[in-house]
Amino acid sequence: MNLLILLILVILIIFINIRKFRIIDNFVQKKENNVDFICIGVQKGGTCSLHNYLNQHKDIKMYPREIHYFDNRNKMDKNTYLKKFNFKYKIVGEKSPSYITDISHLKKIYDFNPNIKIIILFRDPISRFFSHINHSIDNKKYENISFDDIFKNETSNIDTKKKTSSIKRGYYDIQLENVYKIFPKKNIYIGISEEIKNNKQIEYNKILNFLGVESIKLKLDDNLDKNVRAYNFNIKIEDEKKLFKIYNPHIENLYKLLGKKIDIWEEKYKLLQDLII
């Protein structure tokens, strides 16, 4: 009799556990598809190359182009946005570097997914500025105008310029302060473009680990570094010195937010400071 009762109890426990795991399995299957991470900036900071390297991981699928859903540049509804992602992969994400330029974009991202992971790639703002101008020249934004005139226009009357202007996109301290207001720091990864370029294997694997996947042996190929192009102009030391004076207060404030200096930038800035003195 006791054996029969014990057998019934065992069968009952097995039945309960089978039902429990089915419920869990159904929950996992029915879990709403959502975007796991977004690289929100910065423009000309290596966001396109990021796609090529992260997508080497079997569990990650990053959308290849800028979607501009959260800045409303491309009008679409939520379903249209989500259809751009392949949810067969464990982790999906996108990159649109305009998102970091306005706190309203950041709020929309948080409202969309409060647990989303944020990746930011900061590049020396002086180099980023020149790359931005070069990109604009290649895209025919400036025609029949010399680089000297472009530089003068872009670095004059700065206070009146938009947040997305070539000069203000390098105000990283203001951008990061806004990010910190919206997202918990544990969900934010900050990479330095120059450090990534110098040690891709280590730095990209840090990002993979942040996203919750294991490190891998990456295929390293200069052809995967997108939008690397020769400049249409010569960079003058006087222009670099002027940009350093503009950016230096923002750089120092960024260091305070990060709790450290960026050594690879400081090597360049020390030379400029010596020239200014």
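Structure's up top.
Just so you know, these numbers come straight off a predicted model, no measurement behind them.

> Which parts of the structure should I look at to understand the packing of aromatic side chains?
One pair of aromatic rings is described through two measures. These are the centre distance and the angle between the planes. Scanning the model with the defined rule gives 26 aromatic pairs in all. With a centroid separation of 4.8 Å and an interplanar angle of 70°, the aromatic rings of Y69 and F70 are classed as edge-to-face. What makes Y69 buried here is its relative accessible area of 15%. When the centroid spacing of 6.3 Å and the interplanar angle of 40° are considered together, the rings of F130 and F147 count as tilted. One end of the pair, F130, is in helix 5 (residues 125-138); the other, F147, is in helix 6 (residues 147-154), with 17 residues separating them in the sequence.

> Looking at this model, I keep getting lost on the pattern of salt bridges. Mind explaining?
In a structure, side chains of opposite charge can pair up when their charged atoms sit close to one another. According to the stated counting rule, one finds 8 salt bridges in the structure shown. With a closest N to O distance of 3.2 Å, D59 and K58 form a salt bridge. Overall, D59 belongs to the buried group, its relative accessible area being 16%. Here K58 falls in the exposed class, since its relative accessible area comes to 59%. Each of D124, E240 and K268 takes part in one network of salt bridges that share partners.

> Please explain the layout of surface pockets as it appears in this structure.
Regions of empty space are outlined by a rolling probe, equal in size to a water molecule, passed over the atoms. In this structure, the largest pocket spans a volume of roughly 1200 Å³. For the largest pocket, the lining is made up of 49 residues, of which K44, G45, G46, R123 and S131 are closest to its centre. Breaking the lining of the largest pocket down by element, the ones donating at least two residues are helix 2 (47-54), helix 5, helix 8 (193-198), helix 9 (200-210) and helix 11 (263-276).

> Before we go on, may I ask you to explain the pairing of strand 3 (residues 91-95) in this structure?
Of all 5 residues in strand 3, 5 are buried, a share of seventy percent or more. Two strands pair when backbone bridges link them, and strand 1 (residues 37-41) and strand 3 are joined in this way by 3 bridges, in the parallel orientation. Following the sheet pairing, I38 is matched in strand 3 by E94. Strand direction decides the pairing type here: strand 2 (residues 60-62) and strand 3, joined by 3 bridges, are parallel. Opposite I60, over in strand 3, you have I91 as the bridge partner.

> Looking at this model, I keep getting lost on the side chain of R169. Mind explaining?
As for its position among the elements, R169 is in the loop between helix 6 and helix 7 (172-182). At 7.3 Å, D71 is the nearest oppositely charged side chain to R169, a buried residue that forms no salt bridge. Excluding its chain neighbours within four sequence positions, the residues that come into contact with R169 are Q43, P97, S98, T101, R128, H132, K163, T164 and Q175.

Calculation rules
- Note on numbering: residues in each chain are counted from 1, in written sequence order.
- A pLDDT threshold of at least 70 governs which residues receive local features in this predicted model, and a stricter bar of 80 or more applies before side-chain atom pairs are shown or counted, although totals over entire chains, interfaces and linings include all residues.
- With hydrogens and water set aside, each side-chain value is computed from the structure's full complement of heavy atoms.
- Note on aromatic contacts: the rings of Phe and Tyr and the six-membered ring of Trp form a pair at centre separations within 6.5 Å, being stacked when their planes are under 30 degrees apart, edge-to-face when over 60 apart, and tilted otherwise.
- Categorising residues by exposure relies on relative accessible area from a 1.4 Å probe, with only protein chains included: less than 20% of the type maximum marks a residue as buried, more than 50% marks it as exposed, and the intermediate range marks it as partly exposed.
- Working definition: helices are DSSP H or I runs of at least four residues, strands are E runs of at least two. Numbering for both runs from the N terminus.
- Here, a salt bridge means any Lys or Arg side-chain nitrogen found within 4 Å of an Asp or Glu carboxyl oxygen.
- Only protein atoms enter the calculation, which uses a 1 Å grid: trapped sets of points that fit a 1.4 Å probe without letting it out are cavities, open sets showing protein on both sides within 12 Å along at least five of seven lines are pockets, and any residue with an atom within 4 Å of a point is a lining residue.
- Grid points are joined across faces, edges and corners, and a volume is the space filled by probe spheres set on the points.
- For two strands to be treated as a pair, DSSP must find at least two bridges joining them.
- Positive charges come from Lys and Arg, negative ones from Asp and Glu, while His and the chain ends are left out of the count.
- We call two residues contacting when some pair of their heavy atoms lies within 4.5 Å.

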